[in-house]
Amino acid sequence: MIGIIVGVSSVVLIMSIGSSITNAVKMYFAGSLGDNRFTSYVSAKNGKNFSVKYDELYELAGKLPNVKGPLLESSDYINGRAHVDGEHYSAAVLRGVSPVYSDAHQLIMLCGRFINMSDCKGEKSAAVISNVAAENCFGSTENALGGQLSVIGDDGRIVELTVVGVYKYIDTKGKLEKMADKRLLASDAYCSYEYMNLKIGVDTSALEFEEFTYITDPDVDMRLLVSSAQDILSARYDDPDYSISCYRGFSRTKETNSMLQILILVFAAAAGLSLVVGGISLMNTMLVSVKERTKEIGTRKAIGASNSSIVFQFLLESVVICLVACIFGILFCFLVIAVLRQNLSVLFDLITDDSLKSFMKTNNISISINFLSVLVSVLFSVVVGVLFGVYPAVKAAKMQVTDALRYE
Amino acid sequence: MFDDYWHIYGESGSGKSTLMNIIGALDRPTEGEYYFNGVDISKLSDKKLSKIRNSTIGFVFQNFNLIPRTSALKNVELPMVYGKVPKKERISRAKELLDMVEMSSRYDHNPNELSGGQKQRVAIARAMANNPSIILADEPTGALDSKTGRTIMDLFHNLHSQGKTIVLITHNPELAKETERIVTISDGNIISDSRGSSGEDYSEIYNSEEWGEDNEN
């Protein structure tokens, strides 16, 4: 019984923690390694110039399945301070970006919204600032919404902004701690790509791109998407002198995931082995029980139990023992997982890589029971119960009635 | 032989238990044949044998052989479980039988909470569960004091008067006298077969080899 409890709980624990790690890694890689984007390159032969216009970028995005939009970032940025008044300000770097920027960089919105298409089209002054800037300028993140800011660049450029959203500043290097005056911590502020262009004197509609990146929905089959994107783009510019090629982002998520999954399965198999050991000890217990109950078996046969009903009785018994042990094992796992969840921050402190550590802490990465593993271990313990119950059960059934009755 | 009250009497090791095992279809004869209701027991499959044991034979053992950690009621129900009697019917029949052996107040007692005499009563109720044609009792009073043994014997008399065939095995000549017919065994042979109360001798009618066949048919 103990053997099976240990076996079940190790299988469930390993699979649960493993799948939580896999998920965390998946999330970690999704933003930083570009698993949700692909890039297209336009090249021309025979000395011709060829590029895609700004309007065409959005037009193409609409034609491609699972594509959210082009990732655009203004060629220039304004480095300076965002002022409410002379007293309330925060160091900021203002960038003009397209709406998908938040997907590409995994920004966590604390309140309000990110830049959207209507901001882009209307060249509106909508801006998204960090919570650090919001606190510096408006006292709190909530107060920031709707607030007016003037970004004054070090070079003297001035841009007026209206705050529509606040994102969470990820303090990867612990800068915030070290700053005596929080107002001097430079964080990114975002406005629409188009508004920024307007402010820095760039004609957006005249822009041409030889290289552009699209952000896609997460978890799409990038291989398939890239090939269909290539087809659509090539058909659109059907000219032997031009070629358009699409490349997947620097993606390792799938490979890493499958590697992790193999590792986890190996560990789970090792844990499963302890289930088998538990099964053997169960068989031993059942054999002793059969021996002890020889007389009972004899009596049962004398009053009309057939061999098959004796086999059934003992098999049922071993399966029930296994299932009860399995339930205890699963309860134990819930307990362990609950304790782990309470002490996640302690666990994360053990991570040596700083950026991974802060990612784990800021994204509320947690551990939860993997229900597939619960199902698997329940099924597995039934199988163990039957497998290791058969021999004792058959042994019980094969007893001679007269010998069994005489057994003391 | 239905409607009979037999007594198989013999010293230890005389072969009476073996005879009982064969009559009860617990064992197959190493040689010879045994017909039970016209069926050759030695040729039956386990399934059919267990069916016969279940429905037509009731066993009462010297050491009661109740299933431990199982209530009196459940013990009496057990043969009916194997006989696939529906649950409701099973429970009411088991209660009826326990009432018959005056164990009404002990339905839920486990064997370890019962005295020897009470255990044997439950065992008798269990033997009667599927209304068998014959009850085999192997030294039913052997583990009981004489007073309790008396009440158990009275129970058997009672069952017999209700028309049950009863085969008793003892090595107690006093008890043997109470039955209609006494078969004495020694060294595996029947040496006498007589009327218990009247003393009439059957031994000339039967010899040991023909005994089984003639009577079971």
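All chains use their own residue numbering, which begins from 1 and follows the written sequence. Written order decides the labels, with chains lettered from A and ligands numbered from 1. Since the coordinates come from a predicted model, pLDDT governs what is reported: local features require at least 70, and pairs of side-chain atoms require 80 or more to be given and counted, while whole-chain, interface and lining totals use all residues. Excluding hydrogens and water, the side-chain figures rest on all heavy atoms present in the structure.

(A) Structural context of the overall build of chain B. Each helix corresponds to a stretch of at least 4 residues labelled H or I by DSSP, and each strand to a stretch of at least 2 residues labelled E; elements are numbered beginning at the N terminus. Each helix and strand in chain B was counted, giving eight helices and eight strands. Working definition: with a 1.4 Å probe on protein chains only, accessible area under 20% of the residue-type maximum means buried, over 50% means exposed, and in between means partly exposed. By residue count, 52% of the 217 residues in chain B fall in the buried class. Taking the intrachain contacts of chain B between residues at least 6 apart in sequence as the baseline, contacts between residues at least 24 apart amount to 67%. The contact definition used throughout considers only heavy atoms, calling two residues in contact when any of these lie within 4.5 Å.

(B) Seen up close, the overall build of chain A. In terms of helices and strands, chain A carries 16 helices and 13 strands. Residues counted as buried form 48% of the 408 residues belonging to chain A. A sequence separation of at least 24 residues applies to 77% of the contacts in chain A between residues at least 6 apart. For the area figures, the Shrake-Rupley method with a 1.4 Å probe applies, and any residue is considered shielded solely by the protein chains shown. Here chain A displays about 20000 Å² of accessible surface, and carbon together with sulfur accounts for 60% of that area.

(C) Main features of the pattern of salt bridges. Residues and elements named next belong to chain A. Salt bridge, as applied in this entry: a Lys or Arg side-chain nitrogen positioned within 4 Å of an Asp or Glu carboxyl oxygen. If you walk through the whole model with that rule in mind, you get 23 salt bridges over all chains. When the shortest N-O distance is used, the salt bridge between Glu-59 and Lys-63 registers 3.9 Å. Of the two residues, Glu-59 and Lys-63 are both situated in helix α2 (residues 54-63); the distance of four residues between them amounts to about one turn of the helix. Of the charged contacts, one joins Arg-157 and Asp-76 as a salt bridge, the two residues approaching to 3.0 Å between their closest N and O atoms. One end of the pair, Arg-157, is in the loop between β8 (148-153) and β9 (158-167); the other, Asp-76, is in the loop between β3 (67-71) and β4 (78-83), with 81 residues separating them in the sequence. Judged by relative accessible area, which is 28%, Asp-76 ranks as partly exposed. Salt bridges here are not isolated pairs; linked through shared partners, they connect Arg-293, Glu-296, Arg-300 and Glu-317.

(D) Structural detail: unusual backbone geometry. Residues and elements named next belong to chain B. Backbone geometry places Lys-84, a non-glycine residue, at a positive phi of 60°. Among the secondary structure elements, Lys-84 is positioned in the loop between α3 (72-82) and α4 (87-100). A relative accessible area of 71% means that Lys-84 is categorised as exposed. Not every positive phi belongs to a glycine, and Asn-131 is a case in point at roughly 50°. By the secondary structure assignment, Asn-131 is in the loop between α5 (116-127) and β5 (134-138).

(E) Local environment of the confidence of the model for chain B. Residues and elements named next belong to chain B. Known as pLDDT, the predictor's confidence for each residue is given on a scale from 0 to 100. When pLDDT is averaged along chain B, the result is 84, and 88% of the positions lie at 70 or above. In this model residues 198-217 is a low-confidence stretch, pLDDT under 50, and it forms 32 contacts with partners more than four residues away in sequence or in other chains. Interface confidence for the predicted complex, given as ipTM, is 0.87, next to a pTM of 0.65.

(F) Examining the packing of aromatic side chains more closely. Residues and elements named next belong to chain A. Between rings of Phe, Tyr and Trp, where Trp is taken as its six-membered ring, a pair exists when centres lie within 6.5 Å; planes separated by under 30 degrees are stacked, by over 60 edge-to-face, and by other angles tilted. For the coordinates displayed, the defined rule picks out eight aromatic pairs over all chains. Taking 5.7 Å as the distance between ring centres and 70° as the angle between the ring planes, the aromatic pair formed by Tyr-54 and Tyr-58 counts as edge-to-face. Remark: Tyr-58 and Tyr-54 occur in helix α2; sequence separation between them is four residues, near one turn of the helix. Relative accessible area serves as the criterion here: at 11%, Tyr-54 is assigned to the buried category. What makes Tyr-58 partly exposed here is its relative accessible area of 22%. Centroid distance Tyr-167 to Tyr-190: 5.6 Å. Interplanar angle 45°. Geometry classified as tilted. Here the residue Tyr-167 occupies a position in strand β9, and Tyr-190 occupies one in strand β10 (residues 187-192), the gap between them amounting to 23 residues. Pairwise contacts between aromatic rings join Tyr-101, Phe-114, Tyr-167 and Tyr-190 into one cluster. The ring of Tyr-77 is capped by Arg-95, whose NZ or CZ atom sits 5.1 Å from the centre of that ring. Lysine and arginine charges are scored as sitting over a ring when NZ or CZ, respectively, is within 6 Å of the ring centre and within 35 degrees of the ring normal.

(G) Looking closely at the sheet that holds strand β4 (residues 57-60) of chain B. Residue and element names in this part refer to chain B. Across the sheet, six strands lie side by side as β4-β5-β6-β1-β7-β8; this open sheet has mixed pairing. Both outer strands of the open sheet, β4 and β8 (189-195), are each paired with one neighbouring strand and no more. Pairwise comparison of adjacent strand axes, ignoring direction, gives a mean angle of 20° for this sheet. Bridge count between β5 and strand β6 (residues 165-170): five bridges; the pairing is parallel. Paired with Leu-136 across the two strands is Val-167, which belongs to β6. Contacts from helix α6 (residues 146-161) reach β1 (5-10), β4, β5 and β6 within the one sheet, and its direction differs from that of β6 by about 155°. Strands pair, by our definition, only if DSSP identifies at least two bridges between them. The convention used is that axes are lines fitted to C-alpha atoms, helices contributing only their stretch in contact, and that angles between N-to-C directions extend from 0 to 180 degrees.

(H) Main features of the interface of chain B and chain A. Residue-level contacts link 18 residues of chain B with 20 residues of chain A. Buried area counts how much accessible surface, traced with a 1.4 Å probe, disappears from two parts once they are put together, with both parts' losses summed. Both faces combined, the contact of chain B with chain A buries some 1600 Å², and carbon together with sulfur accounts for 56% of it. At the boundary of chain B with chain A, the tally comes to zero salt bridges. Throughout this description, a polar contact denotes any pair of N or O atoms lying within 3.5 Å of each other; where both atoms belong to protein, one of them has to be capable of donating a hydrogen while the other can accept it, and for residues adjacent in sequence the pair is counted only when both atoms sit in side chains. The interface formed by chain B and chain A holds five residue pairs in polar contact (both at pLDDT 80 or more) in total. At the level of elements, α2 (46-56) and α3 of chain B are the ones that each hand at least two residues to the side of chain B that touches chain A. With five residues, α2(B) is the largest single contributor of residues to the side of chain B that touches chain A. Along the lines of polarity and charge, the residues of the side of chain B that touches chain A split into eight nonpolar, five polar and five charged. In the scheme used here, Gly and all other residues not listed as nonpolar or charged are polar, with Ala, Val, Leu, Ile, Met, Phe, Trp, Tyr, Cys and Pro taken as nonpolar and Asp, Glu, Lys and Arg as charged.

(I) A look at the nonpolar core. All names here are of chain A. Judged by nonpolar contacts, the single largest core of 45 residues is most densely connected at Ile-4, Val-8, Val-12, Ile-297, Ile-310, Phe-314 and Met-360. It is helix α12 (residues 307-342) that contributes the most residues to this core, nine residues altogether. Those residues in contact with Val-8 that lie beyond four places of it in its chain are Leu-275, Cys-326, Gly-329, Ile-330 and Ser-377. Nine residue types can take part in a nonpolar core, namely buried Ala, Val, Leu, Ile, Met, Phe, Trp, Tyr and Cys, and a core is a set of them joined through side-chain atoms within 4.5 Å.

(J) Structural context of the packing of α3(B) against α5(B). All names here are of chain B. Here α3 crosses α5 at 30°, and the two axes come no closer than 8 Å. The angle between α3 and α5 places the two elements in the roughly parallel class. Like other packed secondary-structure pairs, α3 and α5 cross with a definite hand, here right-handed. Facing Ala-72, Asn-75, Val-76 and Pro-79 of α3, the residues of α5 in contact are Val-122, Ala-125 and Arg-126. For the contact of α3 with α5, the per-class residue count stands at five nonpolar, one polar and one charged. Just so you know how the angles are binned, under 35 degrees is roughly parallel, over 145 roughly antiparallel, 65 to 115 roughly perpendicular, and the rest oblique. Crossings are classed by handedness, with left-handed meaning an anticlockwise turn of the near helix from the far one by less than a right angle and right-handed meaning a clockwise turn.

(K) Summary view of a nonpolar patch on the surface. Residues and elements named next belong to chain A. Patch membership is restricted to residues that have no salt bridge and whose relative accessible area is over 30%. Joining uses 9 Å for like charges and 5 Å for the nonpolar side chains Val, Leu, Ile, Met, Phe, Trp and Tyr. A contiguous nonpolar surface patch, about 750 Å² in accessible area, is contributed by Met-1, Phe-312, Leu-316, Val-320, Val-324, Ile-327, Phe-328 and Leu-331. With respect to the helices, strands and loops of the structure, Val-324 is situated in helix α12. Overall, Val-324 belongs to the partly exposed group, its relative accessible area being 33%.

(L) Molecular detail of the side chain of A:Ser102. Residues and elements named next belong to chain A. You can see Ser-102 is positioned in helix α3 (residues 101-104). Accessibility expressed as a relative area gives 15% for Ser-102, which makes it buried. Each residue touching Ser-102, except ones within four places of it in the same chain, is listed here: Leu-107 and Phe-114.

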